[in-house]
Amino acid sequence: MSGFQVVLLRAGDVIFRENDYGDCAYMIDVGSVEISVERDGEKVVVAHVGPGEFVGEMAILTDAPRTATAIVAEDAMLRKISAEQFTQRVSEMEPVMQMAIETALHRLSTTLTLLKSDGSHDAIEHRRQGNSAALATLQLEAEIAAGVRRDEFRLYYQPIIELASGKLHGFEGLIRWQHPERGFLAPDHFIPTASKSDLIQLITSFCLAQACKDLPLMRAACLANLENVLPPTVSINITGRDLENDDIVQRFDQAVTENQLTHDALTFEVTETSLMHDKAQAADVLSKIRALGADVAIDDFGTGYSSMAHLSRLPSTILKIDRSFVSAMNESEQDRKIVTIILSLARELNMSVVAEGIETRDDHDFLKAHGSDYGQGYLFAKPMPLNQAVTMIKGWDAVSLTADSEIERRIA
Ligand code: C2E
Ligand code: CA
Ligand code: CA
(Lines give C-alpha, C1' and ligand atoms only; values in the text may rest on other atoms or scores of the structure.)
(Ligands and ions follow the chains in the order given, each with its own letter.)
Protein backbone atom coordinates (compact mmCIF):
# COMPACT_ATOMS: atom_id res chain seq x y z
CA MET A 1 0.00 0.00 0.00
CA SER A 2 2.96 2.32 -0.12
CA GLY A 3 3.06 5.06 -2.74
CA PHE A 4 -0.39 6.53 -2.03
CA GLN A 5 -0.41 10.30 -1.64
CA VAL A 6 -1.72 11.52 1.73
CA VAL A 7 -4.10 14.53 1.58
CA LEU A 8 -5.03 16.65 4.62
CA LEU A 9 -8.27 18.66 4.37
CA ARG A 10 -10.37 20.94 6.60
CA ALA A 11 -14.12 20.69 7.26
CA GLY A 12 -15.98 22.35 4.39
CA ASP A 13 -13.29 21.66 1.77
CA VAL A 14 -14.65 20.23 -1.46
CA ILE A 15 -12.98 16.99 -2.51
CA PHE A 16 -14.81 16.84 -5.84
CA ARG A 17 -18.11 17.93 -7.37
CA GLU A 18 -20.80 16.03 -9.23
CA ASN A 19 -20.03 15.91 -12.98
CA ASP A 20 -16.33 16.82 -12.48
CA TYR A 21 -13.83 14.69 -14.34
CA GLY A 22 -12.01 12.41 -11.86
CA ASP A 23 -9.06 10.01 -12.10
CA CYS A 24 -8.63 9.00 -8.49
CA ALA A 25 -10.44 7.67 -5.43
CA TYR A 26 -9.81 8.55 -1.79
CA MET A 27 -9.64 6.28 1.19
CA ILE A 28 -10.53 7.97 4.48
CA ASP A 29 -8.00 7.39 7.24
CA VAL A 30 -9.26 10.09 9.64
CA GLY A 31 -12.35 12.34 9.68
CA SER A 32 -15.58 12.10 7.70
CA VAL A 33 -16.97 13.11 4.36
CA GLU A 34 -20.47 14.10 3.26
CA ILE A 35 -21.68 12.75 -0.10
CA SER A 36 -24.48 14.62 -1.81
CA VAL A 37 -26.22 14.80 -5.18
CA GLU A 38 -28.18 17.62 -6.74
CA ARG A 39 -31.83 16.81 -7.41
CA ASP A 40 -34.14 19.40 -9.01
CA GLY A 41 -31.72 22.12 -7.98
CA GLU A 42 -31.68 20.95 -4.35
CA LYS A 43 -28.76 19.39 -2.50
CA VAL A 44 -29.65 15.89 -1.22
CA VAL A 45 -27.21 14.36 1.26
CA VAL A 46 -26.98 10.66 0.46
CA ALA A 47 -24.32 9.44 2.87
CA HIS A 48 -21.69 10.23 5.48
CA VAL A 49 -18.58 8.11 5.18
CA GLY A 50 -15.79 7.69 7.69
CA PRO A 51 -12.46 5.96 8.38
CA GLY A 52 -11.81 2.82 6.34
CA GLU A 53 -14.28 3.86 3.61
CA PHE A 54 -13.80 5.02 0.05
CA VAL A 55 -15.07 8.07 -1.77
CA GLY A 56 -15.00 8.67 -5.51
CA GLU A 57 -14.09 5.09 -6.32
CA MET A 58 -16.16 5.11 -9.55
CA ALA A 59 -13.57 7.36 -11.17
CA ILE A 60 -10.96 4.62 -10.95
CA LEU A 61 -13.38 2.07 -12.34
CA THR A 62 -14.95 3.90 -15.29
CA ASP A 63 -14.40 7.04 -17.34
CA ALA A 64 -17.78 8.48 -16.35
CA PRO A 65 -17.84 11.87 -14.57
CA ARG A 66 -18.27 12.04 -10.77
CA THR A 67 -21.76 10.91 -9.75
CA ALA A 68 -21.88 12.93 -6.52
CA THR A 69 -20.25 15.77 -4.62
CA ALA A 70 -17.91 15.00 -1.70
CA ILE A 71 -17.31 17.63 0.98
CA VAL A 72 -15.19 17.19 4.11
CA ALA A 73 -17.52 17.08 7.16
CA GLU A 74 -14.83 16.74 9.83
CA ASP A 75 -11.11 17.55 9.32
CA ALA A 76 -9.82 14.61 7.34
CA MET A 77 -6.74 12.70 6.31
CA LEU A 78 -7.28 10.86 3.03
CA ARG A 79 -5.18 8.61 0.85
CA LYS A 80 -5.40 9.25 -2.85
CA ILE A 81 -5.51 6.15 -5.08
CA SER A 82 -5.07 6.81 -8.78
CA ALA A 83 -6.78 4.85 -11.53
CA GLU A 84 -3.35 3.73 -12.67
CA GLN A 85 -2.41 2.33 -9.23
CA PHE A 86 -5.74 0.49 -9.12
CA THR A 87 -5.44 -1.00 -12.62
CA GLN A 88 -1.88 -2.07 -11.92
CA ARG A 89 -3.02 -4.01 -8.85
CA VAL A 90 -5.86 -5.70 -10.69
CA SER A 91 -3.51 -6.71 -13.51
CA GLU A 92 -1.21 -8.40 -10.97
CA MET A 93 -4.00 -10.61 -9.64
CA GLU A 94 -4.49 -14.16 -10.82
CA PRO A 95 -6.91 -14.50 -13.78
CA VAL A 96 -9.85 -15.85 -11.75
CA MET A 97 -9.63 -12.92 -9.33
CA GLN A 98 -9.39 -10.49 -12.23
CA MET A 99 -12.55 -11.94 -13.71
CA ALA A 100 -14.35 -11.77 -10.35
CA ILE A 101 -13.36 -8.12 -9.95
CA GLU A 102 -14.42 -7.22 -13.48
CA THR A 103 -17.84 -8.85 -12.92
CA ALA A 104 -18.24 -7.05 -9.60
CA LEU A 105 -17.29 -3.72 -11.20
CA HIS A 106 -19.77 -4.25 -13.99
CA ARG A 107 -22.55 -4.88 -11.45
CA LEU A 108 -21.47 -1.89 -9.41
CA SER A 109 -21.57 0.42 -12.38
CA THR A 110 -25.08 -0.86 -13.31
CA THR A 111 -26.22 -0.17 -9.75
CA LEU A 112 -24.79 3.31 -9.89
CA THR A 113 -26.49 4.07 -13.19
CA LEU A 114 -29.80 3.07 -11.59
CA LEU A 115 -28.85 5.12 -8.58
CA LYS A 116 -28.48 8.27 -10.65
CA SER A 117 -32.11 8.11 -11.63
CA ASP A 118 -33.27 6.63 -8.33
CA GLY A 119 -30.99 7.95 -5.58
CA SER A 120 -32.82 5.90 -2.98
CA HIS A 121 -31.25 5.09 0.33
CA ASP A 122 -31.53 1.35 -0.35
CA ALA A 123 -29.61 1.62 -3.60
CA ILE A 124 -26.82 3.57 -1.89
CA GLU A 125 -26.67 1.08 0.96
CA HIS A 126 -26.44 -1.72 -1.60
CA ARG A 127 -23.49 0.01 -3.25
CA ARG A 128 -21.71 0.50 0.05
CA GLN A 129 -22.12 -3.12 1.07
CA GLY A 130 -20.84 -4.24 -2.31
CA ASN A 131 -17.67 -2.29 -1.71
CA SER A 132 -17.03 -3.42 1.82
CA ALA A 133 -15.01 -6.55 0.93
CA ALA A 134 -12.66 -4.59 -1.33
CA LEU A 135 -12.33 -1.92 1.35
CA ALA A 136 -11.57 -4.48 4.02
CA THR A 137 -8.78 -5.91 1.85
CA LEU A 138 -7.23 -2.50 1.22
CA GLN A 139 -7.48 -1.62 4.90
CA LEU A 140 -5.87 -4.91 5.93
CA GLU A 141 -3.06 -4.41 3.39
CA ALA A 142 -2.34 -0.97 4.81
CA GLU A 143 -2.32 -2.38 8.34
CA ILE A 144 0.03 -5.24 7.41
CA ALA A 145 2.50 -2.79 5.85
CA ALA A 146 2.30 -0.61 8.98
CA GLY A 147 2.62 -3.71 11.19
CA VAL A 148 5.86 -4.69 9.45
CA ARG A 149 7.25 -1.15 9.90
CA ARG A 150 6.21 -1.13 13.56
CA ASP A 151 7.75 -4.55 14.19
CA GLU A 152 4.49 -6.18 15.29
CA PHE A 153 5.14 -9.61 13.76
CA ARG A 154 6.60 -12.51 15.74
CA LEU A 155 8.08 -15.78 14.55
CA TYR A 156 6.90 -18.74 16.65
CA TYR A 157 8.55 -22.15 16.52
CA GLN A 158 6.98 -25.62 16.47
CA PRO A 159 9.33 -28.58 17.00
CA ILE A 160 9.95 -31.28 14.39
CA ILE A 161 11.01 -34.64 15.82
CA GLU A 162 13.08 -37.40 14.20
CA LEU A 163 10.70 -40.29 14.80
CA ALA A 164 13.14 -43.23 14.78
CA SER A 165 15.38 -41.73 17.47
CA GLY A 166 12.94 -39.38 19.23
CA LYS A 167 15.53 -36.62 18.83
CA LEU A 168 14.58 -33.01 18.29
CA HIS A 169 15.46 -32.21 14.67
CA GLY A 170 14.45 -28.58 14.32
CA PHE A 171 11.50 -26.19 14.16
CA GLU A 172 9.00 -24.80 11.72
CA GLY A 173 8.78 -21.01 11.94
CA LEU A 174 5.13 -19.87 12.01
CA ILE A 175 4.25 -16.21 11.96
CA ARG A 176 1.97 -14.42 14.43
CA TRP A 177 0.85 -10.77 14.55
CA GLN A 178 0.76 -8.85 17.81
CA HIS A 179 -1.88 -6.41 16.54
CA PRO A 180 -2.23 -3.23 18.63
CA GLU A 181 -6.06 -3.37 18.63
CA ARG A 182 -7.07 -6.86 17.55
CA GLY A 183 -4.67 -8.80 19.78
CA PHE A 184 -2.61 -11.82 18.89
CA LEU A 185 -3.53 -12.92 15.37
CA ALA A 186 -2.99 -16.33 13.75
CA PRO A 187 -1.68 -16.34 10.15
CA ASP A 188 -5.00 -17.23 8.55
CA HIS A 189 -6.17 -13.67 9.42
CA PHE A 190 -3.56 -12.02 7.23
CA ILE A 191 -1.40 -14.45 5.19
CA PRO A 192 -4.10 -15.10 2.53
CA THR A 193 -4.41 -11.32 1.89
CA ALA A 194 -0.65 -10.68 2.09
CA SER A 195 0.00 -13.53 -0.35
CA LYS A 196 -2.02 -11.79 -3.07
CA SER A 197 0.31 -8.79 -3.16
CA ASP A 198 3.99 -7.99 -2.73
CA LEU A 199 3.38 -7.63 1.00
CA ILE A 200 4.13 -11.33 1.37
CA GLN A 201 7.73 -10.57 0.41
CA LEU A 202 8.02 -8.22 3.39
CA ILE A 203 6.71 -10.99 5.64
CA THR A 204 9.02 -13.59 4.13
CA SER A 205 12.00 -11.26 4.55
CA PHE A 206 11.07 -10.77 8.18
CA CYS A 207 10.80 -14.55 8.75
CA LEU A 208 14.10 -15.22 7.00
CA ALA A 209 15.96 -12.56 8.96
CA GLN A 210 14.36 -13.57 12.28
CA ALA A 211 15.04 -17.30 11.79
CA CYS A 212 18.70 -16.60 10.95
CA LYS A 213 19.00 -14.35 13.99
CA ASP A 214 17.44 -16.97 16.30
CA LEU A 215 19.23 -20.04 14.93
CA PRO A 216 22.61 -19.31 16.58
CA LEU A 217 20.85 -19.20 19.97
CA MET A 218 19.17 -22.54 19.25
CA ARG A 219 22.46 -24.03 18.12
CA ALA A 220 24.22 -22.79 21.27
CA ALA A 221 21.47 -24.31 23.45
CA CYS A 222 21.76 -27.71 21.75
CA LEU A 223 25.45 -28.04 22.68
CA ALA A 224 24.39 -28.88 26.23
CA ASN A 225 22.05 -31.66 25.05
CA LEU A 226 23.65 -33.29 22.00
CA GLU A 227 22.42 -36.77 22.96
CA ASN A 228 18.81 -35.71 22.48
CA VAL A 229 18.96 -32.89 19.98
CA LEU A 230 20.35 -32.66 16.45
CA PRO A 231 21.83 -29.28 15.42
CA PRO A 232 18.52 -27.43 14.93
CA THR A 233 17.27 -26.35 11.52
CA VAL A 234 14.42 -23.91 10.91
CA SER A 235 11.81 -24.25 8.15
CA ILE A 236 10.15 -21.14 6.85
CA ASN A 237 7.00 -20.91 4.75
CA ILE A 238 7.14 -19.21 1.38
CA THR A 239 4.56 -18.71 -1.38
CA GLY A 240 4.49 -18.62 -5.18
CA ARG A 241 4.89 -14.84 -5.14
CA ASP A 242 8.20 -15.14 -3.30
CA LEU A 243 9.46 -17.19 -6.24
CA GLU A 244 8.51 -14.73 -8.99
CA ASN A 245 12.06 -13.38 -9.01
CA ASP A 246 15.50 -14.15 -7.55
CA ASP A 247 15.32 -11.64 -4.68
CA ILE A 248 14.67 -14.36 -2.13
CA VAL A 249 17.92 -16.13 -3.08
CA GLN A 250 19.98 -13.01 -2.32
CA ARG A 251 18.07 -12.30 0.90
CA PHE A 252 18.62 -15.88 2.03
CA ASP A 253 22.33 -15.78 1.24
CA GLN A 254 22.76 -12.46 3.02
CA ALA A 255 20.83 -13.51 6.17
CA VAL A 256 22.88 -16.72 6.43
CA THR A 257 26.20 -14.93 5.97
CA GLU A 258 25.39 -12.12 8.42
CA ASN A 259 24.67 -14.66 11.16
CA GLN A 260 27.64 -16.95 10.43
CA LEU A 261 25.35 -19.86 9.59
CA THR A 262 25.54 -22.41 6.81
CA HIS A 263 22.78 -22.56 4.20
CA ASP A 264 21.70 -26.04 5.26
CA ALA A 265 20.36 -24.60 8.53
CA LEU A 266 17.25 -23.46 6.64
CA THR A 267 14.44 -25.32 4.90
CA PHE A 268 11.94 -23.59 2.62
CA GLU A 269 8.37 -24.92 2.68
CA VAL A 270 6.15 -24.25 -0.30
CA THR A 271 2.71 -25.66 -1.10
CA GLU A 272 1.97 -27.49 -4.34
CA THR A 273 -0.89 -25.10 -5.08
CA SER A 274 1.24 -21.98 -4.83
CA LEU A 275 3.64 -23.48 -7.40
CA MET A 276 0.96 -23.82 -10.05
CA HIS A 277 1.10 -20.26 -11.40
CA ASP A 278 4.46 -20.27 -13.15
CA LYS A 279 5.94 -23.71 -12.60
CA ALA A 280 9.14 -23.18 -14.58
CA GLN A 281 9.99 -19.91 -12.84
CA ALA A 282 9.25 -21.34 -9.37
CA ALA A 283 11.35 -24.46 -10.08
CA ASP A 284 14.21 -22.24 -11.27
CA VAL A 285 14.31 -20.15 -8.07
CA LEU A 286 13.89 -23.24 -5.87
CA SER A 287 16.84 -24.85 -7.68
CA LYS A 288 18.99 -21.85 -6.79
CA ILE A 289 17.94 -22.16 -3.16
CA ARG A 290 18.78 -25.87 -3.27
CA ALA A 291 22.12 -25.17 -4.94
CA LEU A 292 23.08 -23.00 -1.98
CA GLY A 293 22.43 -25.98 0.30
CA ALA A 294 18.97 -25.46 1.85
CA ASP A 295 16.30 -28.14 1.80
CA VAL A 296 13.03 -27.53 -0.05
CA ALA A 297 9.85 -29.11 1.32
CA ILE A 298 6.51 -29.58 -0.44
CA ASP A 299 4.02 -28.47 2.20
CA ASP A 300 0.45 -29.80 2.69
CA PHE A 301 1.31 -32.66 0.35
CA GLY A 302 -1.76 -34.46 -0.98
CA THR A 303 -4.08 -31.44 -0.97
CA GLY A 304 -2.83 -29.78 -4.17
CA TYR A 305 -3.19 -30.64 -7.80
CA SER A 306 0.33 -31.28 -8.98
CA SER A 307 0.94 -34.22 -11.24
CA MET A 308 3.47 -36.85 -10.25
CA ALA A 309 5.58 -35.80 -13.23
CA HIS A 310 5.71 -32.23 -11.96
CA LEU A 311 6.51 -33.37 -8.44
CA SER A 312 9.44 -35.51 -9.50
CA ARG A 313 10.90 -32.56 -11.45
CA LEU A 314 10.77 -30.15 -8.52
CA PRO A 315 14.04 -29.64 -6.69
CA SER A 316 12.47 -30.72 -3.40
CA THR A 317 13.96 -33.00 -0.81
CA ILE A 318 11.12 -33.28 1.71
CA LEU A 319 7.39 -34.07 1.57
CA LYS A 320 5.17 -32.82 4.37
CA ILE A 321 2.04 -34.99 4.65
CA ASP A 322 -0.94 -32.75 5.25
CA ARG A 323 -2.54 -32.76 8.67
CA SER A 324 -5.92 -33.78 7.21
CA PHE A 325 -4.55 -37.23 6.26
CA VAL A 326 -2.96 -37.73 9.65
CA SER A 327 -6.10 -36.81 11.57
CA ALA A 328 -8.26 -39.01 9.30
CA MET A 329 -5.95 -42.01 9.84
CA ASN A 330 -7.77 -43.04 13.02
CA GLU A 331 -11.09 -43.12 11.24
CA SER A 332 -10.55 -45.15 8.12
CA GLU A 333 -8.40 -47.87 6.66
CA GLN A 334 -8.54 -45.95 3.39
CA ASP A 335 -6.75 -42.94 4.93
CA ARG A 336 -4.13 -45.16 6.54
CA LYS A 337 -3.51 -46.60 3.07
CA ILE A 338 -3.11 -43.12 1.58
CA VAL A 339 -0.51 -42.28 4.20
CA THR A 340 1.45 -45.47 3.56
CA ILE A 341 1.31 -44.82 -0.20
CA ILE A 342 2.69 -41.30 0.28
CA LEU A 343 5.45 -42.75 2.45
CA SER A 344 6.47 -45.26 -0.21
CA LEU A 345 6.21 -42.63 -2.95
CA ALA A 346 8.62 -40.44 -1.00
CA ARG A 347 11.03 -43.37 -0.58
CA GLU A 348 10.92 -44.02 -4.35
CA LEU A 349 11.68 -40.36 -5.03
CA ASN A 350 14.46 -40.28 -2.42
CA MET A 351 12.67 -37.69 -0.38
CA SER A 352 12.24 -37.62 3.37
CA VAL A 353 8.83 -37.19 4.98
CA VAL A 354 7.52 -34.98 7.76
CA ALA A 355 4.05 -35.97 9.01
CA GLU A 356 2.11 -32.92 10.22
CA GLY A 357 -0.61 -32.71 12.83
CA ILE A 358 0.46 -35.62 15.07
CA GLU A 359 -1.87 -35.26 18.04
CA THR A 360 -2.00 -38.74 19.58
CA ARG A 361 0.29 -41.60 20.51
CA ASP A 362 -1.53 -43.73 17.97
CA ASP A 363 -0.70 -41.25 15.18
CA HIS A 364 2.91 -41.22 16.34
CA ASP A 365 3.26 -45.00 16.57
CA PHE A 366 1.64 -45.67 13.20
CA LEU A 367 3.75 -43.08 11.37
CA LYS A 368 6.95 -44.20 13.04
CA ALA A 369 6.24 -47.87 12.29
CA HIS A 370 5.59 -47.05 8.62
CA GLY A 371 8.80 -45.14 8.18
CA SER A 372 7.87 -41.43 8.36
CA ASP A 373 11.23 -39.78 9.01
CA TYR A 374 9.96 -36.83 11.01
CA GLY A 375 6.83 -35.75 12.84
CA GLN A 376 5.32 -32.49 13.97
CA GLY A 377 2.18 -31.79 15.98
CA TYR A 378 0.52 -30.91 19.26
CA LEU A 379 1.59 -34.27 20.76
CA PHE A 380 5.12 -32.82 20.93
CA ALA A 381 4.30 -29.12 21.32
CA LYS A 382 2.34 -26.20 19.90
CA PRO A 383 4.19 -23.31 18.23
CA MET A 384 6.03 -21.25 20.88
CA PRO A 385 8.24 -18.16 21.18
CA LEU A 386 12.02 -18.40 20.92
CA ASN A 387 12.74 -18.46 24.68
CA GLN A 388 10.48 -21.51 25.14
CA ALA A 389 12.03 -23.21 22.11
CA VAL A 390 15.47 -22.72 23.68
CA THR A 391 14.23 -24.21 26.98
CA MET A 392 12.79 -27.14 25.04
CA ILE A 393 16.13 -27.75 23.29
CA LYS A 394 17.96 -27.79 26.62
CA GLY A 395 15.47 -30.16 28.30
CA TRP A 396 14.41 -32.47 25.44
CA ASP A 397 14.55 -36.17 26.31
CA ALA A 398 14.52 -38.41 23.23
CA VAL A 399 14.56 -41.65 25.22
CA SER A 400 11.44 -40.98 27.23
CA LEU A 401 9.45 -40.33 24.07
CA THR A 402 10.47 -43.68 22.61
CA ALA A 403 10.09 -45.49 25.92
CA ASP A 404 6.60 -44.10 26.66
CA SER A 405 5.50 -45.24 23.30
CA GLU A 406 6.78 -48.75 23.97
CA ILE A 407 5.06 -48.87 27.36
CA GLU A 408 1.74 -47.79 25.86
CA ARG A 409 1.96 -50.41 23.16
CA ARG A 410 2.66 -53.14 25.70
CA ILE A 411 -0.27 -52.09 27.90
CA ALA A 412 -2.56 -52.11 24.85
P1 C2E B 1 1.24 -24.87 7.67
O2 C2E B 1 2.49 -24.41 7.00
O3 C2E B 1 0.62 -26.14 7.20
O4 C2E B 1 1.58 -24.91 9.22
C5 C2E B 1 1.11 -25.86 10.09
C6 C2E B 1 -0.12 -25.35 10.83
O7 C2E B 1 -0.70 -26.43 11.55
C8 C2E B 1 0.23 -24.30 11.87
O9 C2E B 1 -0.87 -23.41 11.98
C10 C2E B 1 0.36 -25.13 13.14
O11 C2E B 1 0.16 -24.38 14.32
C12 C2E B 1 -0.76 -26.12 12.93
N13 C2E B 1 -0.53 -27.37 13.64
C14 C2E B 1 0.64 -27.96 13.88
N15 C2E B 1 0.47 -29.13 14.55
C16 C2E B 1 -0.87 -29.27 14.72
C17 C2E B 1 -1.68 -30.28 15.36
O18 C2E B 1 -1.21 -31.27 15.89
N19 C2E B 1 -3.02 -30.10 15.32
C20 C2E B 1 -3.59 -29.00 14.74
N21 C2E B 1 -4.91 -28.88 14.75
N22 C2E B 1 -2.85 -28.01 14.14
C23 C2E B 1 -1.49 -28.17 14.14
P24 C2E B 1 -0.67 -21.86 11.94
O25 C2E B 1 0.55 -21.47 12.71
O26 C2E B 1 -1.99 -21.26 12.33
O27 C2E B 1 -0.37 -21.58 10.42
C28 C2E B 1 -1.36 -21.77 9.46
C29 C2E B 1 -0.80 -21.61 8.06
O30 C2E B 1 -0.42 -20.25 7.82
C31 C2E B 1 0.46 -22.41 7.82
O32 C2E B 1 0.10 -23.73 7.55
C33 C2E B 1 1.03 -21.70 6.63
O34 C2E B 1 0.38 -22.08 5.44
C35 C2E B 1 0.67 -20.26 6.92
N36 C2E B 1 1.82 -19.57 7.53
C37 C2E B 1 2.22 -19.54 8.81
N38 C2E B 1 3.33 -18.79 8.95
C39 C2E B 1 3.66 -18.35 7.72
C40 C2E B 1 4.71 -17.52 7.18
O41 C2E B 1 5.60 -17.06 7.91
N42 C2E B 1 4.70 -17.29 5.84
C43 C2E B 1 3.75 -17.82 5.02
N44 C2E B 1 3.81 -17.56 3.71
N45 C2E B 1 2.75 -18.60 5.48
C46 C2E B 1 2.70 -18.85 6.81
CA1 CA C 1 4.40 -25.17 6.57
CA1 CA D 1 1.50 -27.80 6.24
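Residues numbered from 1 in each chain as written. Chains lettered and ligands numbered in written order. Predicted model: local features only at pLDDT ≥ 70, side-chain atom pairs only at ≥ 80, totals over all residues. Heavy atoms only, no water.

A. Representation of the overall build of the protein in the model. Helix and strand counts for the protein stand at 14 helices and 15 strands. Burial analysis of the protein (412 residues in total) assigns 48% to the buried set. When contacts within the protein are restricted to residue pairs at least 6 apart in sequence, long-range pairs at least 24 apart make up 70% of them. Counting every atom, the protein has about 20,200 Å² of accessible surface; 52% of that belongs to carbon and sulfur. (Helix = DSSP H or I, 4+ residues; strand = E, 2+ residues; numbered from the N terminus. Buried < 20%, exposed > 50% of the residue type's maximum accessible area, 1.4 Å probe, protein only. Contact = heavy atoms within 4.5 Å. Areas by Shrake-Rupley, 256 points an atom, 1.4 Å probe, with all protein chains shown as cover.)

B. Spotlight on the packing of helix 7 (residues 247–258) against helix 8 (residues 279–292). The interhelical angle for the contact between helix 7 and helix 8, taken along N-to-C directions, is 20°, at an axis separation of 9 Å. The orientation of helix 7 relative to helix 8 falls into the category roughly parallel. Crossing angle aside, the handedness with which helix 7 passes helix 8 is right-handed. Contacts between helix 7 and helix 8 involve I248, V249, F252 and D253 from the first element and V285, K288, I289 and L292 from the second. Here the contact of helix 7 with helix 8 is composed, by residue class, of six nonpolar, no polar and two charged. (Axes fitted to C-alpha atoms, helices over the stretch in contact; angles between N-to-C directions. Parallel < 35°, antiparallel > 145°, perpendicular 65-115°, else oblique. Left-handed = near helix turned anticlockwise from the far one by under 90°. Nonpolar A, V, L, I, M, F, W, Y, C, P; charged D, E, K, R; others polar.)

C. Spotlight on the coordination of the calcium ion (ligand 2). Coordination of the calcium ion (ligand 2) by the protein is provided by E172 (OE), N237 (OD1), E269 (OE) and D299 (OD), with metal-donor distances spanning 2.1 to 2.3 Å. Within one chain, the residues donating to the calcium ion (ligand 2) are spaced in sequence as E-x64-N-x31-E-x29-D. Distance-wise, the calcium ion (ligand 3) is placed 3.9 Å from the calcium ion (ligand 2), both being coordinated by D299. Taken together, the positions of E172 in strand 8 (residues 167–179) and N237 in strand 10 (residues 229–237) put the pair 65 residues apart, joining distant regions of the chain. By relative accessible area, which is 29% here, N237 ends up partly exposed. (Donors = N, O, S within 2.8 Å, 3.2 Å for Na, K, Ca; no water.)

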